[in-house]
Each structure stands twice: as structure tokens, then as C-alpha cells.
Amino acid sequence: MEKMTAHTAHVQLASLPQWHFDEARGAITRDFKFKDFAQAFAFMTQIAITAEKRDHHPEWSNVYNKVHILLTTHEANGLTHRDIDLAKFADEAYARFAR
Ligand SMILES: C[C@H](O)[C@H](O)[C@H]1CNC2=NC(N)=NC(=O)C2=N1
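Predicted model only: the values in this text are computed from it and were never measured.

S.K.: Account for the overall build of the protein chain, naming residues and giving values.
M.R.: In terms of regular secondary structure, the protein chain is built from three helices and four strands. Traced from its N-terminal end to its C-terminal end, the protein chain shows the element sequence α-β-β-α-β-β-α. Taken over the C-alpha trace, the protein chain has a radius of gyration of 13 Å; the compact-globule value for 99 residues is 13 Å, and the two agree within 12%. With the C-alpha coordinates of the protein chain rotated into their principal frame, the extents come out at 35 × 25 × 20 Å. Within the protein chain, buried positions represent 43% of all 99 residues. Counting contacts in the protein chain only where the partners sit at least 6 residues apart, residues at least 24 apart contribute 67% of the total. If you sum the accessible surface of the protein chain, you get close to 5,700 Å²; carbon and sulfur atoms cover 52% of it. Placing the 12 positive and 13 negative side-chain charges of the protein chain at their respective mean positions leaves the two points 8 Å apart.

S.K.: With reference to specific residues and values, describe the environment of threonine 8.
M.R.: Within the element layout of this structure, threonine 8 appears in helix H1 (residues 6-13). Residues threonine 8 and leucine 79, spaced 71 residues apart in sequence, show a C-alpha to C-alpha distance of 9.8 Å.

S.K.: Can you break down the pattern of salt bridges residue by residue, with the values?
M.R.: Opposite charge on two side chains allows them to pair when their charged atoms are near. Counted under the stated rule, the structure contains three salt bridges. Measuring nitrogen to oxygen at the nearest pair gives 2.6 Å for the salt bridge that ties arginine 30 to aspartate 91. One end of the pair, arginine 30, is in strand S2 (residues 27-33); the other, aspartate 91, is in helix H3 (residues 81-94), with 61 residues separating them in the sequence. Its relative accessible area of 9% is what places arginine 30 among the buried residues.

S.K.: So, a nonpolar patch on the surface: which residues are in play, and what are the values?
M.R.: Together, Phe37, Phe41, Val63 and Tyr64 make up an exposed nonpolar region whose accessible area comes to about 440 Å². Within the secondary structure layout, phenylalanine 37 lies in helix H2 (residues 37-54).

S.K.: Describe the packing of H2 against H3, with residues and values.
M.R.: Where H2 meets H3, the closest approach of the two axes is 10 Å, and the angle between their N-to-C directions is 150°. Our classification of the angle between H2 and H3 gives roughly antiparallel. Where H2 crosses over H3, the two elements pack in a sense that is right-handed. Of H3, the residues touching H2 (which contributes Phe43, Gln46, Ile47, Thr50 and Arg54) are Arg82, Asp85, Leu86, Phe89, Ala90, Ala93 and Tyr94. Each residue belonging to the contact of H2 with H3 can be placed in one class, and the counts come to seven nonpolar, two polar and three charged.

What counts, and where the lines are drawn
- Residues numbered from 1 in each chain as written.
- Predicted model: local features only at pLDDT ≥ 70, side-chain atom pairs only at ≥ 80, totals over all residues.
- Heavy atoms only, no water.
- Helix = DSSP H or I, 4+ residues; strand = E, 2+ residues; numbered from the N terminus.
- Rg over C-alpha atoms; globule rule 2.2 N^0.38 Å.
- Buried < 20%, exposed > 50% of the residue type's maximum accessible area, 1.4 Å probe, protein only.
- Contact = heavy atoms within 4.5 Å.
- Areas by Shrake-Rupley, 256 points an atom, 1.4 Å probe, with all protein chains shown as cover.
- Lys, Arg positive; Asp, Glu negative; His and termini not counted.
- Charge placed at Lys NZ, Arg CZ, Asp CG, Glu CD.
- Salt bridge = Lys/Arg side-chain N within 4 Å of Asp/Glu carboxyl O.
- Patch = residues over 30% accessible without salt bridge, like charges linked within 9 Å, V, L, I, M, F, W, Y side chains within 5 Å.
- Axes fitted to C-alpha atoms, helices over the stretch in contact; angles between N-to-C directions.
- Parallel < 35°, antiparallel > 145°, perpendicular 65-115°, else oblique.
- Left-handed = near helix turned anticlockwise from the far one by under 90°.
- Nonpolar A, V, L, I, M, F, W, Y, C, P; charged D, E, K, R; others polar.

Purely geometric numbers; function is a separate question.
Pasting the structure below:
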């Protein structure tokens, strides 16, 4: 999968308003906050299952009810549509959890 141009990235980010584009890194990031750890970890489980199916994995961290996600495509050394698709999946999943 090919790395997208900065222009394409900005166009894609218009539909992901909660995500930040780290242009130097070629990555997008978002912080998610939940009601408690159980909600945060259940969300992570959904992302993990999808990531494994897609063979596309997040860089992330969790502290109690907060989850930080960074998406980039290592083999492209930057942002690709796989990252955009996983970000959209994460946003859709997040809507179903208690915050
Ligand atoms: C061997 C395996 O297919 C690759 O290492 C996959 C796994 N998951 C991945 N995840 C991400 N985010 N970027 C990759 O380039 C990538 N490559």
C-alpha cells in the first residue's frame, strides 16, 4: 500500500475531525476517554480483533479509562488508506461505548 500525499491526508482528515495529523511522523493520533477501565479495554479488544484480521496494527497505550492511538503504516513509512480505515472503525466502535 502506498503512502498518501500530505494533501490527500488533509482531505481524508476532514472526515476524522477528532484525529490529529502528525505530518513529520506520517501518522494520525487520537485520545479516547471512557467511563472506566472495563469500557476502555473492551474497546481495545474490538480494535485488536479488527487489527489482527486486517494485519494492520495500532501503536497505542492505555491508562485506566484513557486510550491513546497512533496509526501509521510502517511498511510505507507514512500514512495510507489502511490507517484512515482503521481510524474510522475506531470512531464507529467508540460511539457504542459508555463515556
Ligand atoms: C508481517 C506483517 O504483515 C507486517 O509487519 C504488518 C503487520 N501490521 C502492520 N501494522 C501497521 N500499522 N503497519 C504495518 O506496516 C504493518 N505491517
